[in-house]
Amino acid sequence: MSNLNTRGRVALFGGVYNNYLSLQATIDDARRRGVDEIYCLGDMGGFGPHPNRVFPILRQSSDIHILQGNYDHSIGHRLDDCGCGYTDPRDNHFAQISYDYTLEKTADSHKDWLRDLPGEFRRQWCDRRVLMAHGSPRRINEFLWESTCSDVFLAYLLDTAQADILFVTHTGIGWKRRLPDGRLVVNVGAIGRPANDGRTGVDYALVEISAEAVEVSFVEVEYDHHRLAREILSEGLPEEFAESITTGWWTTCLEILPARERAAGRF
Amino acid sequence: MNKLDTRELIQRVEQRAALSSEPSAAPHLELDHLDTLWLQVTGTLCNLACLHCFISCGPKNDNHDMMSVEQVDEAIDRAVEEGVKEFYFTGGEPFMHPDIETLIERALRHGPLTVLTNGILIDEDLASWLGETFRRARYSFDVRVSLDGTTRSENDALRGRGTFEKILAGIDRLVAAGLNPVITVTTCHAELGGREGRQKFFDLLAERGIQRPRLKFLAPFKIGREERRGGGYQDYERLRKGDLDDQARQALQCSSCRMVTSEGVYPCPILIEEKDARMGDKLDDGLKAIELDHPACYTCFVEGVTCRT
Ligand code: SF4
Ligand code: SF4
């Protein structure tokens, strides 16, 4: 695990949600672009079919570094639920279905591996202090949405964490913001399901590092989402999950969305 | 916090309370960081006088005055220096403030804002201004409307005669203007908090064309006017040292919020009329630890209440 002193190219993503097809497509795309390293910021499980299929891809690659998400923590410790605690009985119902399914189908050895994943990574990229976390630097399950984080709050998080660049995931919707003082906060979003914007493709973050600048762009990856939707249904998982995959609009767990992000979606 | 932990903790509290009636010191709670600044923009002035109001708000209550634009600005500026994440406006009824539009714009310049309202004053002009503001603002802008029953009689028994229809009309106007307001329900009727009770609200709103409503359920605090309606706290309903682990501390909103009113600074939106809760004149005076010695703190802990959305 390296610091980068001259220049480099790095890929980051989060929210795999059992989607082994988009995971493979993301990693292939990143490698094609010649990245030096790949970072996965957590939440391997949930939502999609066949939980065990993501692990060979993640565990057998020496260029991928992996953080623990809250879902990984729950599955790793064999807890009863994902701890999301929705108010809407409908959201709770769907969250529990995917959690129970993932808990039951994840092999013990993978659960142990999830349990033992690290909670953050720190790097030095050309004199810039980089921090990667799942939710926020202070809490694994804190949501950092674009519309609900003031500039001064993000600056506070960076100050406290002693970082110049922060990468997080957890919300499922990516965004990036350059603060007035030049520091950078990026939510890398999720590759396991679309970002509630009507596209079926998913995004990962591609970072170009040089002594002069760190530039982040989101790269869209297409994968065989029809196949994933078919497998969701053949595994007996709810149609609503397959619908999100094929339409690009979230149909469940909408309660976590702030007003702004909610209004951007269809439901 | 996971459910088992909470249940265990509550049991521990209750067992100990049963064993001993001796008062022991209240837990101390640090302010981790000022994530949320609450502003009591209209003080205790309200166009309703709900029977379950945990502050005794009403048309004649001037314990806390309306805040001036300068007072609001000053608190916002100080909070911005602290790295505040978000703002909440409440009252009373915020839309009674003559400068409410200015206040909303000031707050939204610095961070996301939620306005808590009873919905009665939301006419078409106001709704369309709120809709435009929502679309224009850089940060999230949320309106939260209180509704306390799925029938006229259930709601009006608490909020006053005729309010059920007016609240729903206000909600309809917000929705027509492109907002998706959060509906807040106080679970004074215990059954409203249960699964079926909650479902009824989802059904009611769906009938009115709000297919995927946003709802928040809040346990009542047995203080203010609610104390006279439903009874106050028992002696054993107090937090004591040792009740709180780190997770429980973090879950209490007062580890990361403060409330500013025209009268000064308070730990949270709940205690503004409680004697001894006032922390000083200015937000600065409130940026320090508190003692959780109020019975309402017991509700926050046991019910896991937070006034945030
Ligand atoms: S509960 Fe709200 S609307 Fe009712 S009197 Fe109190 S402040 Fe006013
Ligand atoms: S009433 Fe609740 S929010 Fe207020 S100080 Fe007590 S515990 Fe904190």
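If you're wondering where the values come from, they're calculated on a predicted model, not measured in any experiment.

**A closer look at the layout of surface pockets**
Residues and elements named next belong to chain B. Its boundaries defined by the atoms lining it, the second largest pocket holds a volume of some 420 Å³. In this structure, the second largest pocket is lined by 24 residues; those nearest its centre are L271, A277, E291, D293 and H294. Ranked by residue count, the leading element in the lining of the second largest pocket is helix α10 (residues 295-303), at four residues. In the lining of the second largest pocket, the residues fall into 15 nonpolar, two polar and seven charged.

**Focus: empty space enclosed by the protein**
Empty space among the atoms can be located by rolling a probe the size of a water molecule over them. Under the criterion given, the structure shown has two cavities of 30 Å³ or more. In this structure, the largest cavity occupies an estimated 540 Å³ of space. Along the wall of the largest cavity there are 30 residues; nearest its centre are C53, F54, T90, S146 and R159 of chain B. A breakdown of the residues in the lining of the largest cavity according to their chemical character gives 17 nonpolar, 10 polar and three charged. Considered as a void within the structure, the second largest cavity measures approximately 50 Å³ in volume. Looking at the second largest cavity, the residues that line it are N18, M44, G45, P51, F55, Y71, D72, I75, T102, T106 and L114 of chain A. With three residues, helix α3 (residues 70-76) of chain A is the largest single contributor of residues to the lining of the second largest cavity. The residue inventory of the lining of the second largest cavity, partitioned by class, reads six nonpolar, four polar and one charged.

**Points about the site of ligand 2**
Residue and element names in this part refer to chain B. Neighbouring ligand 2 are the residues Q253, C254, C268, L271, I290, L292, A296, C297 and C300. The element best represented in the shell around ligand 2 is α10, accounting for three residues. Of the residues belonging to the shell around ligand 2, the class tally is eight nonpolar, one polar and no charged.

**Things to note about the packing of helix α3 (residues 100-110) of chain B against helix α4 (residues 124-136) of chain B**
Residues and elements named next belong to chain B. Close contact between α3 and α4 brings their axes to 12 Å; oriented N to C, the two are set at 10°. In terms of axis orientation, α3 runs roughly parallel to α4. Regarding α3 and α4, the two cross each other, and that crossing is right-handed. In this structure, α3 uses E101, I104, E105 and L108 to contact α4, whose residues at the interface are L126, W129, L130, T133 and R136. A per-class count over the contact of α3 with α4 returns five nonpolar, one polar and three charged.

**Points about helix α5 (residues 108-115) of chain A**
All names here are of chain A. Among the residues of α5, those classed as buried are H110, K111, W113 and L114. The buried residues of α5 all sit within an arc of 160° when viewed along its axis, so they share a single face. The elements touched by buried residues of α5 are α2 (54-59), β3 (64-66), α3 and α4 (89-105).

Cut-offs applied
Residues numbered from 1 in each chain as written. Chains lettered and ligands numbered in written order. Predicted model: local features only at pLDDT ≥ 70, side-chain atom pairs only at ≥ 80, totals over all residues. Heavy atoms only, no water. 1 Å grid on protein atoms, 1.4 Å probe; cavity = no way out; pocket = protein on both sides within 12 Å on 5 of 7 lines; lining within 4 Å. Points joined across faces, edges and corners; volume = space filled by probe spheres on them. Helix = DSSP H or I, 4+ residues; strand = E, 2+ residues; numbered from the N terminus. Nonpolar A, V, L, I, M, F, W, Y, C, P; charged D, E, K, R; others polar. Near = heavy atom within 4 Å. Axes fitted to C-alpha atoms, helices over the stretch in contact; angles between N-to-C directions. Parallel < 35°, antiparallel > 145°, perpendicular 65-115°, else oblique. Left-handed = near helix turned anticlockwise from the far one by under 90°. Contact = heavy atoms within 4.5 Å. Buried < 20%, exposed > 50% of the residue type's maximum accessible area, 1.4 Å probe, protein only. Arc of directions from axis to C-beta.

Coordinates in, geometry out; function isn't part of it.
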